[in-house]
Amino acid sequence: MIKELNQRVDQLEKEREEIIELIDKFSGLNQKILKLKYVEGLTLESIADEIGYSYQYIKNKHAEIMRIIRFNKKNKDV
C-alpha cells in the first residue's frame, strides 16, 4: 500500500514538472493564464477577476491555448 502511494506521488510530481515545463514554453498572458490555472489552481473566473479581463475573454484564450497544446502534442506523437 505504501509502495503504491509512493509510486503515485512520484508520478504526480513528474506530471507537475512536465506541466511547468510546458507552461514555460508560453509567454505573456498565455503563460500567466496557464500558471494561474494549473499551478495556482484558480478557476477561469478567478483568473479573469485577478488580471482584469472578462471571463469570456479568458475562457476563449484558454480554449485557444488548449488547442495549441493538443495540436503540438498530436504532431509530436507522429
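Residues numbered from 1 in each chain as written. Predicted model: local features only at pLDDT ≥ 70, side-chain atom pairs only at ≥ 80, totals over all residues. Heavy atoms only, no water.

1. Digging into the packing of helix α2 (residues 28-38) against helix α3 (residues 44-51)
Next up, step 1: Put simply, α2 and α3 touch, their axes get as near as 10 Å, and they point 130 degrees apart. Judged by the inter-axis angle, α2 sits oblique to α3. Crossing of α2 against α3: the hand is right-handed. Taking contact as the criterion, the partners of Leu29, Lys32, Ile33, Leu36 and Lys37 in α2 are, on α3, Leu44, Ile47, Glu50 and Ile51.
Next up, step 2: Of the residues contributing to the contact of α2 with α3, the split by class is 6 nonpolar, no polar and 3 charged. (Axes fitted to C-alpha atoms, helices over the stretch in contact; angles between N-to-C directions. Helix = DSSP H or I, 4+ residues; strand = E, 2+ residues; numbered from the N terminus. Parallel < 35°, antiparallel > 145°, perpendicular 65-115°, else oblique. Left-handed = near helix turned anticlockwise from the far one by under 90°. Contact = heavy atoms within 4.5 Å. Nonpolar A, V, L, I, M, F, W, Y, C, P; charged D, E, K, R; others polar.)

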